[in-house]
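# Reading the structure
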Amino acid sequence: MRKVVSVSLGSSSRDHEVVAEFLGQEFIVSRVGTDGDFERAQQLIRELDGRVDAIGLGGIDVYLYAAGERYALRDGLRLMECARFTPVVDGSGLKNTLERQAVYFLRDRGLLEPGTRVLMVSAVDRFGMAEALAGVGCRLICGDLMFAAGVPYPIEGLEELAKMAKKLLPEMAKMPFHMLYPTGKKQEEKAANAAKFAAYFEQAEVIAGDFHFIKRYSPDRLEQKTILTNTVTQKDVQTLREQGVKWLVTTTPELGGRSFGTNVLEAVLVALLGKRWEEITAEDYLDLLEKLRLEPRLERLN
Amino acid sequence: MATHEELGECLADFRDRCNADPQLRRLLLDWDRDILVQATDADSSYVLTVRDGTVYLDHRGGEVGRPDVTVSAEIALLVELFSGRITPTEPYLNGTLKVLGTEEDVMRLDFISLMIWGE
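Residues numbered from 1 in each chain as written. Chains lettered and ligands numbered in written order. Predicted model: local features only at pLDDT ≥ 70, side-chain atom pairs only at ≥ 80, totals over all residues. Heavy atoms only, no water.

## Description of the pattern of salt bridges
- Inspection of the entire model under this criterion finds 28 salt bridges over all chains.
- Of the charged contacts, one joins A:Asp236 and A:Lys215 as a salt bridge, the two residues approaching to 3.6 Å between their closest N and O atoms. Of this pair, A:Asp236 sits in helix 9 (residues 234-242) while A:Lys215 is found in helix 8 (residues 211-217), placing the two residues 21 residues apart along the sequence.
- On the basis of relative accessible area, A:Asp236 is assigned to the buried category, the value being 5%.
- With a shortest N-O distance of 3.7 Å, A:Glu279 and A:Arg276 are connected by a salt bridge.
- A relative accessible area of 44% means that A:Glu279 is categorised as partly exposed.
- Bridged by salt links that share partners, the residues A:Arg74, A:Glu171, A:Lys174 and B:Glu90 form one connected network. (Salt bridge = Lys/Arg side-chain N within 4 Å of Asp/Glu carboxyl O. Helix = DSSP H or I, 4+ residues; strand = E, 2+ residues; numbered from the N terminus. Buried < 20%, exposed > 50% of the residue type's maximum accessible area, 1.4 Å probe, protein only.)

## Details of the interface of chain B and chain A
- With 20 residues of chain B at the interface, the matching set in chain A holds 25 residues.
- At the boundary of chain B with chain A, total buried surface from both sides reaches about 2,100 Å², with 63% on carbon and sulfur atoms.
- A salt bridge links B:Glu90 to A:Lys174, with the shortest nitrogen-to-oxygen separation between them at 3.9 Å.
- If you list the elements that add at least two residues to the side of chain B that touches chain A, you get helix 2 (22-27), helix 4 (89-94) and helix 5 (103-117) of chain B.
- Of all the elements, helix 5 of chain B adds the most residues to the side of chain B that touches chain A, at nine residues.
- By residue class, the composition of the side of chain B that touches chain A is eight nonpolar, four polar and eight charged. (Contact = heavy atoms within 4.5 Å. Buried area = accessible area lost by both parts, 1.4 Å probe. Nonpolar A, V, L, I, M, F, W, Y, C, P; charged D, E, K, R; others polar.)

Encoded structure:
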């Protein structure tokens, strides 16, 4: 049986393990959270190196994208470099393909149309999704500055995002990751400044992007909203239902009662492809996704 | 060695650049702060005050009661930083620049300098 492990800087309370079959091959897919402990994550990757088929990095990105430019996060690279034999992926390769398709999936079902107001809580970690949303005519507000840096400035559209990214990301990518993104216990808490951003959630019809940002900053009520995200647990689904969310869409399918991160699925695909990560193309992922017949999870909550 | 006057000139330029940029002023609207800029190797300190998106510079650095943020480093480094010749990230990470304040305030200061001088 093949084995894929996601090492996450997130909370260990979200740990999970399932056995799943992909193209006739059985996989043990597990997620191990280190509660924000960076050194423990490094150690774990070193221990898994050469002993599993692929490693996913959860709760952290290695690569961010905006308008054709790629920015590498220093802490993400440090984790990636802990493995010498086993491929380590952060999900960014798959996000660029799978998450675009999720947008078209929603459009085809009438859940997105030109003019739909979308709050994308963070776009540089899901540029494929952001680009697809803009491409189908959505009115896009990107919350990258609000939720990663606490700056109450909504970025309107991809052109402005690219300009900001060019100015800010080369330096911000050097910052300790915990300053840019909630890790460990912070993932379980509401942000102290959440009220400052509530209006952006209220004005949006669709809230898209990283679930930890959504969870940390969303107001109590999300009546009739569509949430387009990833990595939700059953408890998260229940909370969204209580908040009044109408549709929940996760870009990866449900496995064993939850949606795993794109890093997990990318790790599975890399193991199936048997190629070096650097050699894998978007077409490789698309071909495999078609063979696997993976579709986003779409669930009506209210 | 850089002087108190040179640091003052850089900070005045920093203030003017912030105030001349409508986008940056908008980004500072929610961030009223007293920022003490203090040299560790010279008798030199200033206060940058941010109120309603406008930045003010005060020369009475030593008299500020309780700054929200304290930025301290050798005077030459402060001059380099506030003139945009270097970015704050590396010196902050290697400890030659100390910023006392919340993480959010540290980020915001970094952000302001990148908005002014970023590529």
